[in-house]
Structure formats: C-alpha cells, structure tokens
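Notes for the structure review
These are the residues of each chain, in order.
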Number of protein chains: 2
Amino acid sequence: MNNFDVCLTPDLLHLHRLENSIVVVTDIFRATSCMVTGLAHGVESITPVATVEECKNLQDRGYIAAAERNAQKVEGFDLDNSPFSFMNEKLIGAKIAMTTTNGTLSIAKAKGSAVKVLVGAFLNLGALADHLRKEPYDVLVLCSGWKGRPNLEDTLFAGALAESLKNEYTLQEDSALMAQRLYNQGKGNLLSFVANSSHVRRLQRLGIQKDIAYSLQTDLYDVVPVLRGSSLVQMH
Amino acid sequence: MNNFDVCLTPDLLHLHRLENSIVVVTDIFRATSCMVTGLAHGVESITPVATVEECKNLQDRGYIAAAERNAQKVEGFDLDNSPFSFMNEKLIGAKIAMTTTNGTLSIAKAKGSAVKVLVGAFLNLGALADHLRKEPYDVLVLCSGWKGRPNLEDTLFAGALAESLKNEYTLQEDSALMAQRLYNQGKGNLLSFVANSSHVRRLQRLGIQKDIAYSLQTDLYDVVPVLRGSSLVQMH
C-alpha cells in the first residue's frame, strides 16, 4: 500500500520528499474552502500566487483578483477571502487570481516537485477521497497552518482524509496518526471542537462566524481542484 | 495569566520568541527520561551536547559519556540511551556527557535566549508542574520529535503538562490545544495509545519495550533538571 502522510505546516515541508507524492493542500479557514466553492460555482480557474504584487499584476491583465492578508481584504482588490464571495453568478467562467496569508503560499511551496497538487477542504472531502482511492502514489496532506505554525482546523481536515483512506493507504507517521485521532475525537461536532482555536477566535473578532460554520460542512461539492500549470481547475 | 505554548519540533522553534519564556525540553523516548532518572539516582550533572565529537571530547576529559544515534549506542562510549543505564550505583556523583539524535539537539537550540531551560518527562511531570506554578514567566514546551518531525509521545507529554497547568496559564495556541486534547484522549492508557507510533515501532524492533513502558510512568521522581551553564543539575 502507498503511504499517507501529513505535514502540519509549510515550515516542515523540507522534511518531506515529494517525488512520488500527490500533495493535497488545505487551508480550511478559508483559502481552500473558497477555491472549492468557486470552482463548484462555475469559476473557470483560480491562479494562486504567493505575493500581493503578483496578484496585482494578474489583476492588471484582466483577472478578477482576491487578496487577503491577516484575514482581511487588501485594498484595491475585487474579492475578499470569504467563500460566500466565490458564489457570485458574475464569476461564472471567470479567471481569478488569489493570494492569502497561508494557503496560496503552501501551494507555491508544493508545486515544483510533487506528482500533482490537489486542493482539499471539508466541502469536497468525499470527492477527493474517491479520487485518491484510484491513485498509485503516496499522499501528503500539506496543512497551511497560520504563519508557519500548525493549526487545529487544517489538522482536523488531514485527519478526516486519513480516516477516509485508512483502508487504502498505510498510516504510519505520527503526524498522520495524531491528525486522525484528533479528527475522531472532534468529528461529532467540529464546530464546537474548533471553537477555542486561535484562528476561530481571530475570525470571530472580524464577525465572520458564518464562514467558519460553512467551511466545516462536509461533502457539499463533488469537485477536485487540481493545479495545471499555474492555475487550479476542476478535474474532469 | 502567563501563556503556555507548545513547539511540536525543534524545526519550528524559529517561530517562537523565548525572551520571556521558560523552555521545557522533552524527549520521552528516551533522552529526557534518562536525564530525570540519572539525576534522581545521584548523578551530579549531565552535560548535553549536540554532536558525537563534543561528547568524545568530554569523555577524553574524564566525563562518563553517553552517545546515541538512531536509537543505538555509538561505539566507544560508556552508556547507551536506556533509562535503566542511568540507575547504576557507579554513577552516583558522576559527571555525564550525553548526545542523542533529537533531545540534546533541542536543548542546544533552546539555550541562548530562554529565561531558563528545564527538562521534562512523564517521570517528573508533577514536580515540574509544581515548580512552574510558582514561576512568573511564559512556558514553552519544546518537543524534540524525530529528526525534525513531530512525534506522538513528546506531544502527549506537552499535553499532560498543559492539562496540569490549565488553571495557572493561558492555553490559546493551537499546538497547545491539540497536545492537551490528544493527552486527554490517551491518558487512560498511554502505552496502548502510543503503540502504533513510529518511534515505538522503531524501538520495538530493537527489543527495548521495557524502556517504553518505564518512560510512560508518571511521577516516579521529585526532580526538576535545570540547565546551569552547559550542564543539567537538579534544582534545589
């Protein structure tokens, strides 16, 4: 069986070899929840970039641009980092450029050497698991964390995917085991399980509780975003 | 209240400011369990060093030398990395030099900027918690992990200390919350909870199950090892 591993933050990615791995990037609050939502609602592609400057450059070239830093929209951009902003009918067929504090940075770090880069969230957990059951590679879930530190919600997603794939993959690394056990502890009520986490406190101060509740819903969309070149598109 | 935080591996220590923190270094299997055991059994001091070469230099200067790499004793040294080797009557009053794959490296990384460096294990959990209840600083538990990766047993110890100090310190960082929850999930039977962890599998292949069971015992010793200069001594 192939191996299922978890990297709890991009600052630990140097410890992982990616040559034989599919990397699943997650940033539950809120980048990858936005990406899944956007592609499910008809966005053509989402180009994740690491810096605000690159995002601005793409905006100047006609992309709709979403830029978030420290959980707030950067001035001069079209979209914030709320998944509800990615459901707009005006975005059907659109090309979006996107930069966030953590999520787009992890995608930038993962691309280079991995077999393939996918994007995961609770919203597309089942579709992602179904896809990965057919793949002949190792899987590494890359949690985006918060400015280099591990966070609870991304770890829980990694654990949910581990639990979904435990019969098809070998789970032997401690980070994967810890994520799986935390998920099994919290799965009955994810919303209350993350209630005291640092990111939820940060977002609640900004009044975006509905983004939190939305992003913890499982299997809303049958979408698997995959990075092709520099853009995320829906896998067909 | 002061803050209680957890760093899951030395490879994430750059994300923490240590200027106002007491750092508690842990490496349950087995460096810090050895250190606590040795000082409890009358060893005068233990000098942790990062490299085998430094350990050899101290051996040449009359120290009793313990060197472990990849869970096995390095040839030419006096002691291996089993806590039972640190109970020997011949070590009463001895000065020991020690290097291990993970634990002594984290001590080396922590020293410089922290207020104080202490050594923790399940074996001295209660004594350590009693001491920290009286301290006016933040606490950071530095888990040694395995070659840069987080591991289960060190995370569980961090969680046990978090649980012991939850009324005296603020627990707000996600790494601390995750450790605390994992500990609360596993505390009924730590031995079975760590049974599938990567390090336990590694050690079991080497036939040292008794070190594992021993190191998971709580409150065997009323000892708080503290780094003074370059050596660990018992705090009085």
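Within any chain, residue numbers begin from 1 and follow the written order of that chain's sequence. Each chain gets a letter, beginning with A, and each ligand a number, beginning with 1, in the order they are written. Totals for whole chains, interfaces and linings use every residue, but because this is a predicted model, local features are given only for residues with pLDDT of at least 70 and side-chain atom pairs only at 80 or more, for both listing and counting. Heavy atoms from the whole structure form the basis of all side-chain values; hydrogens and water molecules are not counted.

Where an unreviewed UniProt entry is consulted, chain A appears under the name Probable 2-phosphosulfolactate phosphatase, with the organism given as Ravibacter arvi. Looking at the Catalytic activity (unreviewed entry) heading of the UniProt record, one finds this comment for chain A: "(2R)-O-phospho-3-sulfolactate + H2O = (2R)-3-sulfolactate + phosphate". UniProt positions are given in the numbering used here, feature names are shortened, and annotations may be inferred rather than shown by experiment. The record in UniProt for chain A states the following under Cofactor (unreviewed entry): "Mg(2+)".

Our next topic: the relation of the copies chain B and chain A. Turning chain B through 180° and shifting it by 0.0 Å along the axis lays it on chain A, with an RMSD of 0.0 Å. In short, the pair behaves as if placed about a two-fold rotation axis. Distance from the rotation axis, computed per C-alpha, reaches its smallest value in chain B at Leu182(B): 3.3 Å. Most of the interface of chain B is mirrored in chain A, where 100% of its interface residues again form contacts. Least-squares superposition aligns the copies on the C-alpha atoms of those residues with pLDDT at or above 70 in both. The contact criterion used throughout is that any non-hydrogen atoms of two residues lie within 4.5 Å.

Bringing the interface of chain B and chain A into the picture now. With 30 residues of chain B at the interface, the matching set in chain A holds 30 residues. Both sides together, the interface formed by chain B and chain A hides about 2,600 Å², and carbon and sulfur atoms give 53% of it. The salt bridge criterion pairs a side-chain nitrogen of Lys or Arg with a carboxyl oxygen of Asp or Glu, the two atoms within 4 Å. Applying the counting rule to chain B against chain A returns four salt bridges. Of the charged contacts, one joins Arg149(B) and Asp5(A) as a salt bridge, the two residues approaching to 2.9 Å between their closest N and O atoms. Only DSSP runs of H or I reaching four residues or more are called helices, and only runs of E reaching two or more are called strands; each is numbered from the N terminus. For the side of chain B that touches chain A, the secondary-structure elements that each account for two or more residues are α5 (152-164), α6 (174-186) and α8 (198-205) of chain B. Counting residues per element, the side of chain B that touches chain A draws most heavily on α6(B), at seven residues. Accessible-area loss on putting two parts together, using a 1.4 Å probe and summing over both, is the definition of buried area adopted here.

Quick look at the layout of surface pockets now. In this structure, the largest pocket occupies an estimated 190 Å³ of space. Detection works on a 1 Å grid of protein atoms alone, calling trapped sets that fit a 1.4 Å probe cavities and calling open sets with protein on both sides within 12 Å along at least five of seven lines pockets, with lining residues defined by an atom within 4 Å of a point. Together, Asn3(A), Asp5(A), Leu15(A), His16(A), Arg17(A), Glu19(A), Asn20(A), Ser21(A), Asp138(A), Val139(A), Leu140(A) and Arg149(B) line the largest pocket. Among the elements that take part in the lining of the largest pocket, strand β8 (residues 138-143) of chain A stands out by supplying three residues, more than any other. Residues are grouped as follows: nonpolar covers Ala, Val, Leu, Ile, Met, Phe, Trp, Tyr, Cys and Pro; charged covers Asp, Glu, Lys and Arg; every other residue, Gly included, is treated as polar. A breakdown of the residues in the lining of the largest pocket according to their chemical character gives three nonpolar, four polar and five charged. Grid points are joined across faces, edges and corners, and a volume is the space filled by probe spheres set on the points.

This part takes up unusual backbone geometry. The omega torsion of the bond from Phe29(A) to Arg30(A) falls at 5°, within 30 degrees of zero and hence cis. Topologically, Arg30(A) is positioned in the loop between β2 (21-26) and α1 (31-40). Positive phi is not limited to glycine here, since Asp219(A) has a value of about 60°. For Asp219(A), the position within the fold is in the loop between α9 (209-215) and β10 (225-228). Exposed residues in this analysis have more than 50% of their type's maximum accessible area, buried residues have under 20%, and partly exposed residues fall in between, with area computed by a 1.4 Å probe over protein chains only. Judged by its relative accessible area of 44%, Asp219(A) falls in the partly exposed class. Phi at Lys147(B) is positive, roughly 50°, even though this residue is not glycine. Along the chain, Lys147(B) turns up in the loop between β8 (138-143) and α5.

A word on the nonpolar core. Residues belong to a common nonpolar core when they are buried Ala, Val, Leu, Ile, Met, Phe, Trp, Tyr or Cys residues joined through side-chain atoms within 4.5 Å. Of all hydrophobic cores here, the largest spans 156 residues; its most connected members are Phe4(A), Leu161(A), Phe4(B) and Leu161(B). Phe4(A) has contacts with Val139(A), Val141(A), Ala158(A), Leu161(A), Ala162(A), Leu165(A), Tyr169(A), Thr170(A), Leu171(A) and Ala176(A), leaving out every residue within four places of it along the chain. Counting residues in hydrophobic clusters, the runner-up holds 10 residues, among them Val52(B), Cys55(B), Ala67(B) and Val74(B).

We now examine the packing of helix α6 (residues 174-186) of chain A against α5(B). At their nearest, the axes of α6(A) and α5(B) sit 9 Å apart, and the two run at 45° to each other. Between α6(A) and α5(B), the crossing angle belongs to the class labelled oblique. Judged by residue contacts, Asp174(A), Met178(A) and Arg181(A) of α6(A) engage Leu152(B), Glu153(B) and Thr155(B) from α5(B). For the contact of α6(A) with α5(B), the per-class residue count stands at two nonpolar, one polar and three charged. Only C-alpha atoms enter the line fits that serve as axes; for helices the fit covers just the stretch in contact. Angles between N-to-C directions range over 0 to 180 degrees. Angles are sorted into four bins: roughly parallel if under 35 degrees, roughly antiparallel if over 145, roughly perpendicular if 65 to 115, and oblique for all others.

Every buried residue belonging to helix α8 (residues 198-205) of chain A is among Ser198(A), His199(A), Val200(A), Arg202(A) and Leu203(A), and all of these are buried. The inward-facing, buried residues of α8(A) contact α5 (152-164) and α9 of chain A together with α6 of chain B. Looking one or two places after α8(A), you find Gly207(A), whose phi comes out positive at around 75°.

All names here are of chain A. Only a pair of cysteine sulfur atoms within 2.5 Å counts as a disulfide in this structure description. The tally for this structure, following the rule as stated, stands at zero disulfides over all chains. In this structure Cys-7 is a free cysteine whose sulfur lies 7.5 Å from that of Cys-143, the closest cysteine sulfur available. What makes Cys-7 buried here is its relative accessible area of 1%.

Time to look at the packing of aromatic side chains. How two aromatic rings sit relative to each other is set out by the distance from centre to centre and by the angle between their planes. Pairing of aromatic side chains requires ring centres within 6.5 Å, counting the rings of Phe and Tyr and the six-membered ring of Trp. Pairs whose planes differ by under 30 degrees are stacked, by over 60 edge-to-face, and all others tilted. The tally for this structure, following the rule as stated, stands at six aromatic pairs over all chains. Pairing Phe84(A) with Tyr214(A) gives two aromatic rings, centres 4.9 Å apart and planes at 50°, and the pair type is tilted. Remark: Tyr214(A) occurs in helix α9 and Phe84(A) occurs in the loop between β5 (72-73) and β6 (95-99); sequence separation between them is 130 residues. Residue class for Phe84(A) comes out partly exposed when judged on its relative accessible area of 33%. Take Tyr214(A): its relative accessible area is 6%, and that puts it in the buried class. A ring pair is formed by Phe4(B) and Tyr169(B), whose centres lie 6.4 Å apart and whose planes are at 70°; its orientation type is edge-to-face. With Phe4(B) in strand β1 (residues 2-7) and Tyr169(B) in strand β9 (residues 169-170), this residue pair connects regions lying 165 residues apart in the sequence.

Turning our attention to the pairing of β10(A). Of the strand pairs in this sheet, β10(A) and strand β11 (residues 231-234) of chain A are connected by four bridges, and their pairing is antiparallel. Within β11(A), the residue paired with Arg228(A) across the bridge is Ser231(A). One bridge is not enough; two strands pair if DSSP finds at least two bridges between them.

Let us now look at the packing of helix α4 (residues 125-133) of chain A against α5(A). In a packed pair of helices, the relevant descriptors are the angle between the two axes and the axis-to-axis distance. Residue and element names in this part refer to chain A. Running from N to C, α4 and α5 point in directions that differ by 50°, and their axes come no closer than 10 Å. Put simply, α4 runs oblique to α5. Here α4 and α5 pass one another in a crossing that is right-handed. Every residue of α5 that contacts α4 at Leu-125, Leu-128, Ala-129, Leu-132 and Arg-133 is listed here: Phe-157, Ala-160, Leu-161 and Ser-164. What makes a crossing left-handed is the near helix being turned counterclockwise from the far one by less than a right angle; a clockwise turn instead makes it right-handed.

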